[in-house]
Amino acid sequence: MRHIVVLTGAGISQESGLQTFRGPDGLWNHERIEDICTPQGFRRDPLRVDRFYNGLRAQLADVQPNAAHRALAELEQAARTGRWQGQVTIVTQNIDDLHERAGSRNVIHMHGELLRLRCTRCHATPPWHTDCYPDTPCPHCGQPALRPDIVWFGEMPHHMDAIARHLAACDLFVAIGTSGVVYPAAGFVENVADHADTMLFNLDAPQGPSAFEQVILGPATRTVPIWTHDLMAA
């Protein structure tokens, strides 16, 4: 029985049409990171930050899960139904809901979720699909203390204890569409080097020596379905 941990990054969602944060036309080329991706920026101008994430939230309605999302969901479903003897846990750096909409259930959002808010007063994390503004009341405590449930620079990623447990137990670690420069996720491949096989699916080859044993280049919408099909057929 294989225990697979899949780390997904912006590249997999980009193939659905979502704009990435990094890259030549990334969102951070149009906004200062300090203004919209830090707790300090939110304290300075919460309306600006809310408007930025309101825009991202609205974009989700215009995109759909792609073949790579669906292939991972199919692999997980095959494990649940006994068609494939294994376990799949997705750890995503993405804040969208495309994995869930494709059908995946075992998804850990280490950088938060765009469709969820966090109350800084009562610490509730209500689901949220519409706009939010500084005077929007929390549905739990009624206070206007909501912020995006997003991990900003200087904040600790979510669910790190659970992620560490899955990494320690896996025998295959797969990274898909990630730049490999954002820590702690960039260090996951070294964390599993003594007990798990490692694979990287990416558009571009790694710059410099790679810690991954196998690197598969090409669009995730093409390469990932081939891999999952072969895995289930073995």
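Residues numbered from 1 in each chain as written. Predicted model: local features only at pLDDT ≥ 70, side-chain atom pairs only at ≥ 80, totals over all residues. Heavy atoms only, no water.

Visitor: How do you make sense of the UniProt feature "binding site: NAD(+)" (unreviewed entry) in the protein when you look at a structure like this?
Guide: Mapped onto this numbering, the UniProt entry annotates "binding site: NAD(+)" (unreviewed entry) at Q93, N94, I95, D96, G177, T178, S179, N202, L203, D204 and A220. A maximum C-alpha distance of 22.8 Å among these annotated residues, which run over 128 residues, shows that they spread across the structure rather than meeting at one spot. If you trace the backbone, I95 turns up in the loop between β2 (86-92) and α6 (98-102). For I95, a relative accessible area of 13% translates into the label buried. One can find L203 in the loop between β7 (197-202) and β8 (214-217). (UniProt positions renumbered as here; feature names shortened; annotations may be inferred. Helix = DSSP H or I, 4+ residues; strand = E, 2+ residues; numbered from the N terminus. Buried < 20%, exposed > 50% of the residue type's maximum accessible area, 1.4 Å probe, protein only.)

Visitor: Sorry, what's going on with the side chain of N202 here?
Guide: Following the sequence through the fold, N202 ends up in strand β7. Apart from the residues lying within four places of it in its own chain, the contact partners of N202 are G177, T178, I216, L217 and G218. (Contact = heavy atoms within 4.5 Å.)

Visitor: Looking at this model, I keep getting lost on unusual backbone geometry. Mind explaining?
Guide: Most peptide bonds take the trans form, and the phi angle of most residues other than glycine is negative. Although it is not a glycine, H123 adopts a positive phi angle of roughly 70 degrees. Tracing the chain through its elements places H123 in the loop between β4 (112-119) and β5 (146-150). Phi at H159 takes a positive value of approximately 60 degrees, unusual for a residue other than glycine. Relative to the helices and strands, H159 resides in the loop between β5 and α7 (160-169).

Visitor: Can you walk me through the nonpolar core in this structure?
Guide: Note that soluble globular proteins tend to have their nonpolar side chains buried in a common cluster. Judged by nonpolar contacts, the single largest core of 22 residues is most densely connected at I4, V174, I176, V224 and W227. Of all the secondary structure elements, the ones that give two or more residues to this core are β1 (2-8), α5 (67-81), β2, β6 (172-176), β7 and α9 (220-233). Those residues in contact with V174, other than ones at most four positions away along the chain, are I4, V5, V6, L7, M199, F201 and W227. With 17 residues, the next largest nonpolar core counts L7, I163, A175 and F212 among its residues. (Core = buried A, V, L, I, M, F, W, Y, C linked by side-chain atoms within 4.5 Å.)

Visitor: What is the right way to read the packing of α5 against α9 from this model?
Guide: Helices that pack against each other are described as a pair by the angle of their axes relative to one another and the distance between those axes. Two numbers describe how α5 lies on α9: the axes approach to 7 Å, and their chain directions differ by 15 degrees. Classified by the angle their axes make, α5 and α9 are roughly parallel. Of the two elements, α5 crosses α9, and the hand of that crossing is left-handed. Contacts between α5 and α9 involve A67, A68, A71, L72, E74, L75 and A78 on the former and, on the latter, A220, T221, V224, P225, W227, T228, L231 and M232. (Axes fitted to C-alpha atoms, helices over the stretch in contact; angles between N-to-C directions. Parallel < 35°, antiparallel > 145°, perpendicular 65-115°, else oblique. Left-handed = near helix turned anticlockwise from the far one by under 90°.)

Visitor: What am I meant to see in the pattern of salt bridges here?
Guide: Should the charged atoms of two oppositely charged side chains come close, the side chains can pair. Counted according to the given criterion, the structure contains ten salt bridges. Ionic pairing is found between R101 and D97, a salt bridge with its closest N-O pair at 3.1 Å. Classification of R101 by relative accessible area gives partly exposed; the value is 34%. When the shortest N-O distance is used, the salt bridge between R118 and D149 registers 3.1 Å. In this pair, R118 is assigned in strand β4 and D149 in strand β5, connecting sequence segments 31 residues apart. Taking relative accessible area as the criterion, D149 reaches 5% and is therefore assigned buried. Salt bridges linked by common partners bring R32, D35, R44 and R48 together as one network. (Salt bridge = Lys/Arg side-chain N within 4 Å of Asp/Glu carboxyl O.)

Visitor: Even after reading the chapter, I still don't get the packing of aromatic side chains, so can you show me in this structure?
Guide: Aromatic rings in a pair are described by how distant their centres are and how their planes are angled relative to each other. A complete count under the given rule lists six aromatic pairs for this structure. For the pair Y53 and W152, a centre-to-centre distance of 6.3 Å together with 40 degrees between the ring planes defines the contact as tilted. With a gap of 99 residues between them, Y53 in helix α4 (residues 46-59) and W152 in the loop between β5 and α7 connect regions that are remote in the sequence. Here F201 and W227 contribute two aromatic rings whose centre-to-centre distance is 5.5 Å and whose plane-to-plane angle is 50 degrees, an arrangement assigned as tilted. Separated by 26 residues along the polypeptide, F201 in strand β7 and W227 in helix α9 bring together distant segments of the chain. No difference in accessibility class separates F201 from W227, as the two residues are buried. (Phe/Tyr/Trp six-rings, centres within 6.5 Å; stacked < 30°, edge-to-face > 60°.)

Visitor: Teacher, can you tell me more about the state of the cysteines here?
Guide: Between two cysteines, a covalent bond joining their sulfur atoms is known as a disulfide. Considering all chains together, one arrives at zero disulfides under this definition. Its sulfur unpaired, C37 is 16 Å from the next cysteine sulfur, which belongs to C132. Note on C138: no disulfide assigned, nearest cysteine sulfur contributed by C122 at a separation of 3.8 Å. (Disulfide = S-S within 2.5 Å.)

Visitor: Please explain the sheet that holds β8 as it appears in this structure.
Guide: Hydrogen bonds between backbone groups are what pair the strands of a sheet, and the pairing can be parallel or antiparallel. One open sheet holds the six strands; their spatial order is β3-β2-β1-β6-β7-β8, and the pairing between them is parallel. A single partner strand is all that each edge strand has here, and the edge strands are β3 (107-109) and β8. Strand-to-strand twist of the sheet, defined as the mean angle between neighbouring strand axes without regard to direction, takes the value 20 degrees. With respect to the sheet, α5 is in contact with β1, β2 and β6, its orientation differing from that of β2 by roughly 145 degrees. Sheet strands in contact with α7 are β1, β2, β3 and β6, and its direction is about 130 degrees off that of β1. (Pairing = 2+ DSSP bridges.)

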